[in-house]
Amino acid sequence: AQSVAQPEDQVNVAEGNPLTVKCTYSVSGNPYLFWYVQYPNRGLQFLLKYITGDNLVKGSYGFEAEFNKSQTSFHLKKPSALVSDSALYFCAVRVLPRDDKIIFGKGTRLHILP
Amino acid sequence: DAGVIQSPRHEVTEMGQEVTLRCKPISGHNSLFWYRQTMMRGLELLIYFNNNVPIDDSGMPEDRFSAKMPNASFSTLKIQPSEPRDSAVYFCASSLAFGESYEQYFGPGTRLTVT
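The shown structure was predicted, so the numbers you read here are calculated from the model rather than taken from an experiment. (Residues numbered from 1 in each chain as written. Chains lettered and ligands numbered in written order. Predicted model: local features only at pLDDT ≥ 70, side-chain atom pairs only at ≥ 80, totals over all residues. Heavy atoms only, no water.)

(A) A look at the pattern of salt bridges. All names here are of chain B. One pass over the full model with this rule turns up 14 salt bridges over all chains. Of the charged contacts, one joins arginine 85 and glutamate 83 as a salt bridge, the two residues approaching to 2.6 Å between their closest N and O atoms. A relative accessible area of 22% places glutamate 83 in the partly exposed class. Each member of the salt-bridge network shares a partner with another, and the members are Glu62, Arg64, Glu83, Arg85 and Asp86. (Salt bridge = Lys/Arg side-chain N within 4 Å of Asp/Glu carboxyl O. Buried < 20%, exposed > 50% of the residue type's maximum accessible area, 1.4 Å probe, protein only.)

Structure representation (structure tokens):
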């Protein structure tokens, strides 16, 4: 079965420090992977995606993610956290090559401490 | 582009009443998704359409829920009759399933409260 896991419910990081939000996946075939962010009382916003090519993907707001096929991971990273990065982050994986449906993880709440 | 548009933004209704949520996808997108988000259950896919045709409605909780997409620029999610456990934020999202796209773009959501 296709699935995506975010092992941490919450991550706390001091402002200015690097941050990592973890994601692992399980799919049949080649994965299409996504990260989304949700600010309070807002819809989910697309951050970045991996379809093919370079394993390091750069996205919005200075975020990047590294695709690791051997570890089936797609961790979200940022070199220097801002207080404004505090939000709920979702990892997602596309189910099948011909299926538009994507599966979302349960989300990780990121707290950036001033 | 105005993005995905949802209406109303907030809806408060009494148990037993009919509720209709509306969505206008991004122009040119060919897939539309309805999600529900609650603290307890997280983000759940209810149904999705491709080229106005329902493809997967396995997430629709029960017969009280129905969704339609009469044309490429409009979709509705109806709950009849509504129950307190339907209280949640309902999101609509759209995507262009072509090439290396597929990312979904979400609307601001409709916060539904059923008393």
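The rest of the description comes next.
(B) Quick peek at the interface of chain B and chain A. Contact with chain B, which involves 22 residues of that partner, is made by 20 residues of chain A. Buried area between chain B and chain A, both sides added, is near 1,600 Å², and the carbon and sulfur share of it is 54%. Across the chain B-chain A interface, the total number found is 2 salt bridges. Across the salt bridge formed by lysine 49 of chain A and glutamate 103 of chain B, the nearest N and O atoms sit 2.9 Å from each other. In this structure, the connection of chain B to chain A is made through 5 residue pairs in polar contact (both at pLDDT 80 or more). Those elements that provide at least two residues to the side of chain B that touches chain A are β4 (31–38), β5 (42–50) and β10 (105–106) of chain B. Class assignment of the residues belonging to the side of chain B that touches chain A gives a composition of 11 nonpolar, 6 polar and 5 charged. (Contact = heavy atoms within 4.5 Å. Buried area = accessible area lost by both parts, 1.4 Å probe. Polar contact = N/O pair within 3.5 Å; in protein donor to acceptor, adjacent residues only side chain to side chain. Helix = DSSP H or I, 4+ residues; strand = E, 2+ residues; numbered from the N terminus. Nonpolar A, V, L, I, M, F, W, Y, C, P; charged D, E, K, R; others polar.)

(C) A look at the layout of surface pockets. In this structure, the largest pocket occupies an estimated 610 Å³ of space. Lining of the largest pocket is provided by 25 residues; of these, Gln38, Leu88 and Arg109 of chain A together with Gln37 and Met39 of chain B occupy positions nearest its centre. Those elements giving two or more residues to the lining of the largest pocket turn out to be β10 (87–94) of chain A together with β4, β5, β9 (88–95) and β11 (110–114) of chain B. The residue makeup of the lining of the largest pocket, split by class, is 9 nonpolar, 9 polar and 7 charged. A volume near 250 Å³ is recorded for the second largest pocket. (1 Å grid on protein atoms, 1.4 Å probe; cavity = no way out; pocket = protein on both sides within 12 Å on 5 of 7 lines; lining within 4 Å. Points joined across faces, edges and corners; volume = space filled by probe spheres on them.)

(D) View of the sheet that holds strand β1 (residues 5–7) of chain B. Residues and elements named next belong to chain B. Strand order in the open sheet formed by 4 strands is β1-β3-β8-β7, and the pairing between neighbours is antiparallel. A single partner strand is all that each edge strand has here, and the edge strands are β1 and β7 (65–71). Shown here is a sheet whose adjacent strand axes are inclined to one another by a mean of 15°, direction ignored. In terms of strand pairing, strand β3 (residues 19–24) meets strand β8 (residues 74–79) through 5 bridges, oriented antiparallel. From the neighbouring strand, arginine 22 faces β8, where its bridge partner is threonine 76. (Pairing = 2+ DSSP bridges. Axes fitted to C-alpha atoms, helices over the stretch in contact; angles between N-to-C directions.)

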